[in-house]
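Remarks on the overall topology
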Amino acid sequence: MAVDVSQLNYVPTLAVRASEMNGLQRLPAASKDRLQPVFLLAPWPNATELMRAIDRVQNAFPDRSFFLDIDKDYQVTNVELLAQQQWLDLQDPANAYSNWVGFIDTIPNASPCLQIAGLSQAQITNQITAFQEMGRSFALRIELNRFPPNLQDAIAAINAVGSADYAIIVDAGWIVDTQPTRLRIANLITTQLNEIDAQIPFVISYTTIPKGFAEVEGVDFATFDNREFLAELIQVTNRQRIAYGDWGSTRPREKGIASRPKPRIDLAIRNGWLSARNKPEEWGFDDAAHEIMNSEQWKEVDGLGIWGEFMIRQTAINPALGINTPQKNVAARVNLHLHIQAFYNAGDIKGINLDEKWED
């Protein structure tokens, strides 16, 4: 079972971290069916083997196919730990990343992202052939902040093989000013990626989720323009098969250890995130939840019937049973964001049959 690249709807990039996996796991089945995630592989905390991270993915997203890449923002802390050494081994370019190819072979529902760093066209061709022999679709994921110097070798290899069962994922990661990135992506598609067949789907992904909330004293709204850019890009490039991607309302891993943030509640809606926090007035999670529910934006979420909505409601009543840690806040935000973006083009999504209820 591999990702059907002809039916891409919403391709969120998700690091395998607790908050993302908890928010994803509590999505209704109907929402999960509309996702084609890219999971970024890194060791699960305190796990003895790297495969435990895959187990967590399978638990959150059972019986479904997904794209899989290596999380290159992960920081190794102890090479003596087997899971971390296994993660490093996957990045060994020997024999066209044979360790990566072998690892993918053990995960039947994973569609791999090509590992091309340091490879020639012939070596990339060998890797593609190996995945084709497994019956897998695949992706060429281009991280703009790690732009591959051998991109043309990868494109030549794909075109030489003649495969149509793949996607191009252009990922800008976390950015502040989107305009330069939008111009860069449009230029990339019309120049270096111009030789890619028009029937091949492209996925465009980035995130502008705020990195800090220290300035929020009350309620603050941050918009994102991913959807707007997608519509613009289709016109500029004349490519019709461009799918929506983002980071599921999170951002890439970062170095360093941040101090524990003050109680905050985030609300994900169609075009942004509303955050409630007030350090001077010493708001608790319940105070922030009340502010969110009294906002105009709450009307978009009120009645969706999903876990993230319930958690905010519960927090206003009794934080002990609702959101009482920063991690739970992120999980609830991810849950709402993924659900709303999965059904973005489905019209009114309140009261729809969600197939199953979430489990606490």
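Check the entry above for the structure.
Residues numbered from 1 in each chain as written. Predicted model: local features only at pLDDT ≥ 70, side-chain atom pairs only at ≥ 80, totals over all residues. Heavy atoms only, no water.

This paragraph deals with the nonpolar core. If you look at the biggest cluster of nonpolar residues, it comprises 103 residues, and the most contacted ones within it are Leu 24, Phe 39, Leu 68, Trp 100, Ile 168 and Leu 193. In terms of residues, this core owes the most to one element, helix α13 (residues 326-342), which gives eight residues. Not counting the four nearest positions on each side in its chain, Phe 39 is found in contact with Leu 14, Val 16, Met 21, Leu 24, Val 57, Phe 61, Phe 66, Phe 67, Leu 68 and Asp 69. Within the second largest apolar cluster, 14 residues are counted, among which are Val 5, Val 11, Val 203 and Ala 243. (Core = buried A, V, L, I, M, F, W, Y, C linked by side-chain atoms within 4.5 Å. Buried < 20%, exposed > 50% of the residue type's maximum accessible area, 1.4 Å probe, protein only. Helix = DSSP H or I, 4+ residues; strand = E, 2+ residues; numbered from the N terminus. Contact = heavy atoms within 4.5 Å.)

The strand order across the open sheet formed by eight strands is β4-β3-β2-β1-β9-β7-β6-β5, and the pairing between neighbours is parallel. Since the sheet does not close on itself, it has two edges, and those belong to β4 (110-112) and β5 (138-143), each with one partner. Along the sheet, successive strands turn relative to each other by an average axial angle of 25 degrees, direction set aside. Direction of pairing for strand β1 (residues 10-15) relative to strand β9 (residues 242-246): parallel, over a ladder of three bridges. (Pairing = 2+ DSSP bridges. Axes fitted to C-alpha atoms, helices over the stretch in contact; angles between N-to-C directions.)

Between helix α10 (residues 285-293) and helix α12 (residues 307-317), whose axes approach to 7 Å, the crossing angle comes to 125 degrees. On the basis of their axis angle, the class for α10 and α12 is oblique. Relative to α12, α10 is oriented so that their crossing is left-handed. On α12, the residues touching Phe 285, Asp 286, Ala 289, His 290, Ile 292 and Met 293 of α10 are Ile 312, Arg 313, Thr 315 and Ala 316. (Parallel < 35°, antiparallel > 145°, perpendicular 65-115°, else oblique. Left-handed = near helix turned anticlockwise from the far one by under 90°.)

So, on to the sheet that holds strand β8 (residues 218-223). On the basis of which strands lie adjacent, the open sheet formed by three strands has the order β8-β11-β10 and antiparallel pairing. Lying at the two open borders of the sheet, with one neighbouring strand each, are β8 and β10 (265-269). Recorded for the sheet is a direction-independent mean angle of 20 degrees between the axes of neighbouring strands.

The next point concerns the environment of Ala 172. Within the secondary structure layout, Ala 172 lies in strand β6 (residues 166-174). Note: C-alpha distance between Ala 172 and Gly 305 (133 residues apart in sequence) is 32 Å. Not counting chain neighbours up to four residues away, the residues in contact with Ala 172 comprise Leu 144, Thr 181, Ser 205 and Tyr 206.

Positive phi, close to 55 degrees, is recorded for Asn 95, a residue that is not glycine. Along the chain, Asn 95 turns up in helix α5 (residues 94-105). Positive phi outside glycine occurs at Glu 282, with the angle close to 55 degrees. Assignment of secondary structure puts Glu 282 in the loop between β11 (272-277) and α10.

What the rule picks out here adds up to eight aromatic pairs. Judged by centre distance (5.3 Å) and plane angle (10 degrees), the ring pair of Phe 138 and Tyr 166 falls under stacked. Of this pair, Phe 138 sits in strand β5 while Tyr 166 is found in strand β6, placing the two residues 28 residues apart along the sequence. As far as the burial class goes, Phe 138 and Tyr 166 line up, both buried. Each member of the aromatic cluster is reached from another via a ring pair, and the members are Phe 39, Phe 61 and Phe 66. Taking the ring centre of Tyr 244 as reference, the NZ or CZ of Arg 227 above it sits at 3.7 Å. When the ring centre of Tyr 344 is taken as reference, the NZ or CZ atom of Arg 270 above it lies at 3.8 Å. (Phe/Tyr/Trp six-rings, centres within 6.5 Å; stacked < 30°, edge-to-face > 60°. Lys NZ or Arg CZ within 6 Å of the ring centre and 35° of its normal.)

In this model helix α8 (residues 178-190) runs 18 Å from its N-terminal to its C-terminal C-alpha over 13 residues, within 8% of the 18 Å that 1.5 Å per residue would give. Here α8 has its buried residues at Thr 178, Thr 181, Arg 182, Ile 185, Ala 186, Leu 188 and Ile 189. Buried positions in α8, seen along its axis, are confined to an arc of 160 degrees and lie on one side of it. Summarising the contacts, the buried residues of α8 are in contact with α7 (151-161), β6, β7 (202-207) and α9 (226-237). Of the residues that open α8, the one with a side-chain oxygen 3.2 Å from the backbone nitrogen of Gln 179 is Asp 177. (Expected span 1.5 Å × (residues − 1). Arc of directions from axis to C-beta. Polar contact = N/O pair within 3.5 Å; in protein donor to acceptor, adjacent residues only side chain to side chain.)

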